[in-house]
Amino acid sequence: MQIEVDRARCQGHALCSLVDEKLFPLDEEGYTALPDVQPVAPADAERARTGAGSCPERALRLTG
């Protein structure tokens, strides 16, 4: 599984980071600091689903 980021959609709500700030780090302006594609460890899969699902702009998508 991996997280794909659509930076054009990210509005800096930071709800993903509230789920897990290590899995969904933010930059100094409060926007996602994830690379465009971030692998997710199996142990983090549930938090990744919750964090990606919390984005009101749908800027985060899980694949794989």
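Here, the structure is the one placed above.
How each quantity is defined
- Residues numbered from 1 in each chain as written.
- Predicted model: local features only at pLDDT ≥ 70, side-chain atom pairs only at ≥ 80, totals over all residues.
- Heavy atoms only, no water.
- 1 Å grid on protein atoms, 1.4 Å probe; cavity = no way out; pocket = protein on both sides within 12 Å on 5 of 7 lines; lining within 4 Å.
- Points joined across faces, edges and corners; volume = space filled by probe spheres on them.
- Nonpolar A, V, L, I, M, F, W, Y, C, P; charged D, E, K, R; others polar.
- Helix = DSSP H or I, 4+ residues; strand = E, 2+ residues; numbered from the N terminus.
- Buried < 20%, exposed > 50% of the residue type's maximum accessible area, 1.4 Å probe, protein only.
- Contact = heavy atoms within 4.5 Å.
- Polar contact = N/O pair within 3.5 Å; in protein donor to acceptor, adjacent residues only side chain to side chain.
- Pairing = 2+ DSSP bridges.
- Axes fitted to C-alpha atoms, helices over the stretch in contact; angles between N-to-C directions.

Novice: Hey, could you go over empty space enclosed by the protein for me, with residue numbers and the actual values?
Specialist: Following the criterion strictly, the structure yields one cavity of 30 Å³ or more and no others. A volume near 120 Å³ is recorded for the largest cavity. Its residues assigned to classes, the lining of the largest cavity shows 10 nonpolar, five polar and one charged.

Novice: With reference to specific residues and values, describe unusual backbone geometry.
Specialist: The phi angle at Ala14 is positive, at roughly 65°, despite the residue not being glycine. Checked against the element boundaries, Ala14 lands in the loop between β1 (2-5) and α1 (15-19). One non-glycine residue, Arg58, lies in positive phi territory at about 55°. With respect to the secondary-structure elements, Arg58 resides in the loop between α2 (45-53) and β3 (60-63).

Novice: If you had to explain the environment of Asp27 to someone new, which residues and values would you point to?
Specialist: On the secondary structure map, Asp27 appears in the loop between α1 and β2 (37-39). Looking at Asp27, the relative accessible area reads 27%, which means it is partly exposed. Here the alpha-carbon distance between Asp27 and Gly12, two residues 15 residues apart in the chain, equals 9.5 Å. The residues contacting Asp27, other than those within four sequence positions of it, are Thr32 and Ala33. Here the side chain of Asp27 touches Glu29 through a polar contact of 2.9 Å, landing on its backbone nitrogen.

Novice: Just give me the short version of the pairing of β1, but keep the residues and values in it.
Specialist: A one-sided burial pattern is seen for β1, the buried positions being Ile3 and Val5 and the unburied ones Gln2 and Glu4. The sheet contact formed by β1 and β2 spans three bridges and is antiparallel. Each bridged residue has a counterpart across the sheet, and for Glu4 the counterpart in β2 is Val37. Where β1 and β3 come together, four bridges link them in antiparallel fashion. Across the sheet, residue Glu4 finds its bridge partner in β3, namely Arg61.

Novice: Explain the sheet that holds β1 to me, using residue names and the numbers behind them.
Specialist: Taken together, the three strands give an open sheet; going across it, the order is β2-β1-β3, and neighbouring strands pair in antiparallel fashion. Where the open sheet ends on each side, the last strands, each with one partner, are β2 and β3. The sheet shows a mean angle of 25° between the axes of neighbouring strands, direction not considered. Relative to β3, α2 is tilted by about 145°, and along the sheet it contacts β1 and β3.

Honestly, that's just the spatial picture; any functional story needs more than this.
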